[in-house]
Amino acid sequence: MARMYYDADANLDLLNGTIAIIGYGSQGHAHALNLKDSGANVIVGLYPGSKSAIKAKESGLTVYSVEEAAKRADFIMVLLPDEVQKTVYKNEIEPHLTEGKVLAFAHGFNIHFAQVVPPSNVDVVMVAPKGPGHLVRRTYEQGEGVPALFAVFQDASGQARDRAMAYAKGIGGTRAGILETTFREETETDLFGEQVVLCGGLTALIKAGFETLVEAGYQPEVAYFECLHEVKLIVDLIVEGGLAKMRDSISNTAEYGDFTRGPRIVNDDTRAEMRKILLEIQTGQFAREFVLENQSGKPGFTAMRRREAEHQIEAVGKDLRAMFSWLKKA
Ligand SMILES: NC(=O)C1=CN([C@@H]2O[C@H](COP(=O)(O)OP(=O)(O)OC[C@H]3O[C@@H](n4cnc5c(N)ncnc54)[C@H](OP(=O)(O)O)[C@@H]3O)[C@@H](O)[C@H]2O)C=CC1
Ligand SMILES: CC[C@](O)(C(C)=O)C(=O)O
């Protein structure tokens with residue numbers, strides 16, 4: 001089994017300088033607040049007029065321009081959208097990468113695909129939580145954590161690995177366990193996971209199941225509960241105790257259906273498509289497509305976002321969730 005590292009393996013004292021969190025979105029707010037609660041000296045870097053700056057200030061953090069934050073910091077964590085990192089890095093971060101600083105990322109995309117090429121005088125590391133930022137914060141507040149991957153791309157100080165592990169401890173990762181990887185492995189597996197299983201595969205499966213039931217004349221609300229709402233309840237059991245715990249809890253009828261029908265949904269054709277998608281990631285084809293889409297002003301991305309937001313499952317779900325007494329009303 002690969003070596004996992006926990007709280008006792010990492011030293012928070014290595015975070016004794018100033019940490020600049022560049023970006024204050026899903027990951028940024030979680031890293032900044034968790035590090036602050038872990039005793040680190042945190043500042044935030046954002047662009048003028050950024051909506052996130054209001055939230056960061058309300059949480060008691062000091063906000064600077066990206067350039068000023070990069071200048072003041074010893075440890076710079078880049079938590080901007082992947083597609084804007086290249087430009088912001090070149091114009092506002094790179095000029096302040098003086099000897100001894102750490103440049104860090106939560107995803108290897110820009111380093112692995114050479115969109116960002118750092119100078120040799122700084123440490124370049126990655127600490128990538130394996131979960132959405134809002135859960136990185138929520139679990140930390142609950143005394144728990146989200147597992148994380150860490151990697152060293154460049155070790156100028158001789159301390160890059162220990163500094164990355166200290167950062168992972170500061171955000172709560174070592175409570176759940178952290179695992180060493182490379183920028184390449186994290187980038188390729190993360191893109192594969194989000195395209196094939198966690199986001200792309202899952203949402204396609206949910207929508208296809210919902211559409212099949214609704215087309216056959218069943219009530220959309222019934223289809224919503226069956227194909228979307230119950231997914232979380234089933235996944236919670238899987239995460240708690242593996243596939244076995246889930247199968248122990250479901251009926252024998254469901255378990256038999258799982259064994260006999262599941263492989264007809266994910267069959268040899270599906271696996272062949274998975275291998276094709278992995279190859280597109282490994283060869284840089286997906287990265288090129290994503291970079292060019294963003295450079296041309298996101299026409300396809302915008303159209304797809306709009307079309308997905310208009311799907312019937314979203315309207316049905318919104319109405320049903322509004323009736324759940326435990327969900328906060330907007
Ligand atoms: N989302 C997740 O849970 C995960 C993300 N990651 C990685 O973390 C990184 C950050 O992603 P994520 O948290 O989703 O990003 P978000 O889109 O949630 O947040 C981006 C932040 O950057 C700010 N921002 C946008 N453009 C600029 C700019 N030009 N200059 C300064 N600030 C800017 C935004 O401000 P404003 O909102 O005010 O415009 C916002 O605060 C990415 O590398 C991603 O791959 C890794 C693991 C999981
Ligand atoms: C599954 C999506 C993710 O990779 C994540 C939350 O880990 C992301 O980049 O947002």
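The shown structure was predicted, so the numbers you read here are calculated from the model rather than taken from an experiment.

A. Spotlight on a nonpolar patch on the surface. Together, Leu 205, Ile 265 and Val 266 give the surface a local cluster of nonpolar side chains, amounting to about 270 Å² of exposed area. By the secondary structure assignment, Val 266 is in the loop between α12 (252–265) and α13 (268–282).

B. Fine view of the site of ligand 2. The local shell around ligand 2 consists of Gly 131, Pro 132, Asp 190, Glu 194, Leu 198 and Cys 199. Within the side chain of Asp 190, one N or O atom sits 3.1 Å away from an oxygen atom of ligand 2. In the environment of ligand 2, an oxygen atom lies 2.7 Å from a nitrogen or oxygen atom belonging to the side chain of Glu 194. Classifying every residue of the shell around ligand 2 by side-chain character gives three nonpolar, one polar and two charged.

C. Seen up close, the site of ligand 1. Contacts to ligand 1 come from 24 residues, most closely from Tyr 24, Tyr 47, Ser 50, Ser 52 and Asp 82. Between ligand 1 and Tyr 24 there is a distance of 2.8 Å, counted from an oxygen atom to a backbone nitrogen or oxygen. Burial of ligand 1 by the protein chains amounts to 75% of its free accessible area of 910 Å². Broken down by secondary-structure element, the contributors of at least two residues to the shell around ligand 1 are α1 (26–37), α2 (51–58) and α4 (82–93). Here the shell around ligand 1 takes four residues from α4, the largest share from any one element. Split into classes, the residues belonging to the shell around ligand 1 amount to 12 nonpolar, 10 polar and two charged.

D. Structural detail: the packing of α1 against helix α6 (residues 133–141). Between α1 and α6, the shortest axis-to-axis distance is 7 Å and the interhelical angle comes to 25°. Overall, the two elements α1 and α6 adopt an arrangement that is roughly parallel. The handedness of the crossing between α1 and α6 is left-handed. Contact residues: Ser 26, Gln 27, His 29, Ala 30, Leu 33, Asn 34 and Asp 37 in α1; Gly 133, His 134, Val 136, Arg 137 and Tyr 140 in α6.

E. Molecular detail of the pairing of strand β3 (residues 41–46). In terms of residue burial, β3 counts as a mostly covered element, since five of its six residues are buried. Bridging between strand β2 (residues 18–22) and β3 involves five bridges; their strand directions are parallel. Each residue of the ladder has a partner; that of Ile 19, found in β3, is Val 42. Handedness of the β-α-β unit built from β2, α1 and β3 comes out right-handed. Pairing between β3 and strand β4 (residues 62–65): four bridges, direction parallel. Its bridge partner lying in β4, Val 44 is registered against Val 63. At this point the chain moves from β3, through α2, to the parallel β4, and the crossover so formed is right-handed.

What counts, and at which threshold
Residues numbered from 1 in each chain as written. Chains lettered and ligands numbered in written order. Predicted model: local features only at pLDDT ≥ 70, side-chain atom pairs only at ≥ 80, totals over all residues. Heavy atoms only, no water. Patch = residues over 30% accessible without salt bridge, like charges linked within 9 Å, V, L, I, M, F, W, Y side chains within 5 Å. Areas by Shrake-Rupley, 256 points an atom, 1.4 Å probe, with all protein chains shown as cover. Salt bridge = Lys/Arg side-chain N within 4 Å of Asp/Glu carboxyl O. Helix = DSSP H or I, 4+ residues; strand = E, 2+ residues; numbered from the N terminus. Near = heavy atom within 4 Å. Polar contact = N/O pair within 3.5 Å; in protein donor to acceptor, adjacent residues only side chain to side chain. Nonpolar A, V, L, I, M, F, W, Y, C, P; charged D, E, K, R; others polar. Axes fitted to C-alpha atoms, helices over the stretch in contact; angles between N-to-C directions. Parallel < 35°, antiparallel > 145°, perpendicular 65-115°, else oblique. Left-handed = near helix turned anticlockwise from the far one by under 90°. Contact = heavy atoms within 4.5 Å. Buried < 20%, exposed > 50% of the residue type's maximum accessible area, 1.4 Å probe, protein only. Pairing = 2+ DSSP bridges. Right-handed = clockwise from strand over helix to strand, strands pointing away.

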